[in-house]
Amino acid sequence: MSDDYYIGIIREGDADGFAPLVEKYGKQVFALLVGMTGNREDAEDLSQDVFLKAFGSIPSFRGDCSFSTWLYRIAYNAGISATRKAKSNFVSADLIAGLQENEEEEALAAADETVTDRRLELLEVALERLPPDERAMIRLFYKEDRSMSEIAAITGLTETNVKTRIFRIRKRLYILIKEMEEKDDR
């Protein structure tokens, strides 16, 4: 069944219609929040909060975007709020793995050579230095394979702004990695 089907039955008063949506999107929401908070326990709590908020807000879901985009926006905002409160700067191993699997990772890690373990370590350190919202954007793009327009809807930015920010984040990661490599060479 489609998301719209379940939303319809929830609006008609059948709360059991929400379970399939939690099943469908639970892992992705959790992964996004782990990537933002760097803490599995916090991500579990936040995931529950996100789904409770989404369930309570179903009547106000207008359908201007897909349910998944709407849900990711709730999760993104919850993650940003939590990281601002906690001031945590951790990075998810899943994010590193996702970047490693992606062809774009070579550009992040620099040059035309094979990605080394050291460069992956440097990438992890560089990602830790990013603010949580930027880590989330990188995760959405590389790990979740979200389009620029979906990321724009999730973050509340324009699509052009998302493209620009992702470009700048990648450039900053590249520079940070090069600086750390230069320090290693000294």
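Residues numbered from 1 in each chain as written. Predicted model: local features only at pLDDT ≥ 70, side-chain atom pairs only at ≥ 80, totals over all residues. Heavy atoms only, no water.

A. Molecular detail of the confidence of the model for the chain. A residue-level look at the chain finds 82% of positions with pLDDT of 70 or above and a mean pLDDT of 80. Here residues 87-97 is modelled with pLDDT under 50, and outside its nearest four sequence neighbours on either side it reaches 27 contacts, counting other chains as well. Contacts for the low-pLDDT stretch residues 100-115, under 50 throughout, to residues beyond four places or in other chains number 27 contacts. (pLDDT = per-residue confidence, 0-100. Contact = heavy atoms within 4.5 Å.)

B. Layout of the layout of surface pockets. Here the largest pocket defines a volume of roughly 160 Å³. L46, D49, V50, K53, C65, T69, W70, R73, I74, N77, A78 and A153 are the residues that line the largest pocket. The set of elements that each furnish at least two residues to the lining of the largest pocket consists of α3 (40-57) and α4 (67-86). It is α4 that provides the largest number of residues to the lining of the largest pocket, a total of six residues. (1 Å grid on protein atoms, 1.4 Å probe; cavity = no way out; pocket = protein on both sides within 12 Å on 5 of 7 lines; lining within 4 Å. Points joined across faces, edges and corners; volume = space filled by probe spheres on them. Helix = DSSP H or I, 4+ residues; strand = E, 2+ residues; numbered from the N terminus.)

C. Representation of the nonpolar core in the model. F18, L21, F67 and L71 are the most contacted members of the largest nonpolar core, which totals 37 residues. Among the secondary structure elements, those contributing two or more residues to this core are α1 (3-11), α2 (19-37), α3, α4, α8 (132-143), α9 (148-155) and α10 (159-185). Discounting residues that sit within four places of it in the chain, F18 has contacts with I10, F51, A54, F55, I58 and F67. (Core = buried A, V, L, I, M, F, W, Y, C linked by side-chain atoms within 4.5 Å. Buried < 20%, exposed > 50% of the residue type's maximum accessible area, 1.4 Å probe, protein only.)

D. Structural detail: the packing of aromatic side chains. According to the stated counting rule, one finds seven aromatic pairs in the structure shown. Ring centres 5.2 Å apart and planes at 65° place the aromatic pair F18 and F55 in the edge-to-face group. Taken together, the residues F18 in the loop between α1 and α2 and F55 in helix α3 connect sequence positions 37 residues apart. Since its relative accessible area comes to 31%, F55 is described here as partly exposed. With a centroid separation of 5.9 Å and 85° between ring planes, the pair formed by F61 and F67 is classed as edge-to-face. Under the relative-accessibility criterion, F61 is labelled buried at 7%. Among the aromatic side chains, those forming a connected cluster through ring pairs are Y25, F61, F67 and W70. (Phe/Tyr/Trp six-rings, centres within 6.5 Å; stacked < 30°, edge-to-face > 60°.)

E. Structural view of the packing of α8 against α10. The interhelical angle for the contact between α8 and α10, taken along N-to-C directions, is 100°, at an axis separation of 10 Å. Here α10 runs roughly perpendicular to α8, going by the angle between their axes. Seen from α8, the contacting residues are D133, E134, M137, I138, F141 and Y142; seen from α10, they are V162, R165, I166, I169, R170 and R172. (Axes fitted to C-alpha atoms, helices over the stretch in contact; angles between N-to-C directions. Parallel < 35°, antiparallel > 145°, perpendicular 65-115°, else oblique.)

F. Fine view of the side chain of T155. Structurally, the position occupied by T155 is in helix α9. Those residues in contact with T155, other than ones at most four positions away along the chain, are R73, Y76, M137 and V162.

G. Expanded view of unusual backbone geometry. Within the chain, D145 stands out as a residue other than glycine whose phi angle is a positive 55°. Note that D145 resides in the loop between α8 and α9. Overall, the relative accessible area of 60% leaves D145 in the exposed class.

H. Examining the side chain of S47 more closely. Locating S47 in the fold gives a position in helix α3. For S47, a relative accessible area of 9% corresponds to the buried category. When residues no more than four places from it in sequence are discounted, the contact partners of S47 are V29, F30 and L33.

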